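Architecture and fold: a report
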Amino acid sequence: LVVTGTSAKPQTKLTVPAPVVVPGAYGGKPVDLEVAAVIAQKAFVGFYLMPLYIDPKLKSKIAPALQKLLKGKTCFNVTSIEPPLLDDVRYAIELATKLYRERGWL
């Protein structure tokens, strides 16, 4: 986990342990690849699931309650979190890490 940002807008990022080469991206250079991030916004907390960029079909495997919060390609706008939604977030991260493991990035 990497915590960055400011005290007013903290960011927590879950990244792969070592830089990886993403075929066809970043000019073939190794990059620090994020699995997920949480960024505090004014009216919500943004939960970003980065593997949705790599495999948009992953969205269909995410729980419907979490899918309803998806605004854009990878950002879920979370205004409150109860245990069922927290379980959905955990499962989405499991799906994301599985995808990265299958590609040899974890």
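As a reminder, the structure under discussion sits directly above these lines.
Values in this document were obtained by computation on a predicted structure and should not be read as measured data.

What follows is about the environment of Trp105. Secondary-structure assignment places Trp105 in the segment after helix H3 (83–102). A relative accessible area of 9% places Trp105 in the buried class. For Trp105 and Pro19, which are 86 residues apart along the polypeptide, the C-alpha to C-alpha distance reads 8.5 Å. Those residues in contact with Trp105 that lie beyond four places of it in its chain are Val16, Val20, Val21, Val22, Pro23, Leu33, Ile54 and Tyr100.

The grouping of Lys57, Lys61, Lys98 and Arg103 at the surface amounts to a positive patch. Topologically, Lys57 is positioned in the loop between helix H1 (51–54) and helix H2 (64–67). Residue Lys57 is classed as exposed on the basis of its relative accessible area, which comes to 65%.

Rules and cut-offs
Residues numbered from 1 in each chain as written. Predicted model: local features only at pLDDT ≥ 70, side-chain atom pairs only at ≥ 80, totals over all residues. Heavy atoms only, no water. Helix = DSSP H or I, 4+ residues; strand = E, 2+ residues; numbered from the N terminus. Buried < 20%, exposed > 50% of the residue type's maximum accessible area, 1.4 Å probe, protein only. Contact = heavy atoms within 4.5 Å. Patch = residues over 30% accessible without salt bridge, like charges linked within 9 Å, V, L, I, M, F, W, Y side chains within 5 Å. Areas by Shrake-Rupley, 256 points an atom, 1.4 Å probe, with all protein chains shown as cover. Salt bridge = Lys/Arg side-chain N within 4 Å of Asp/Glu carboxyl O. Lys, Arg positive; Asp, Glu negative; His and termini not counted. Charge placed at Lys NZ, Arg CZ, Asp CG, Glu CD.

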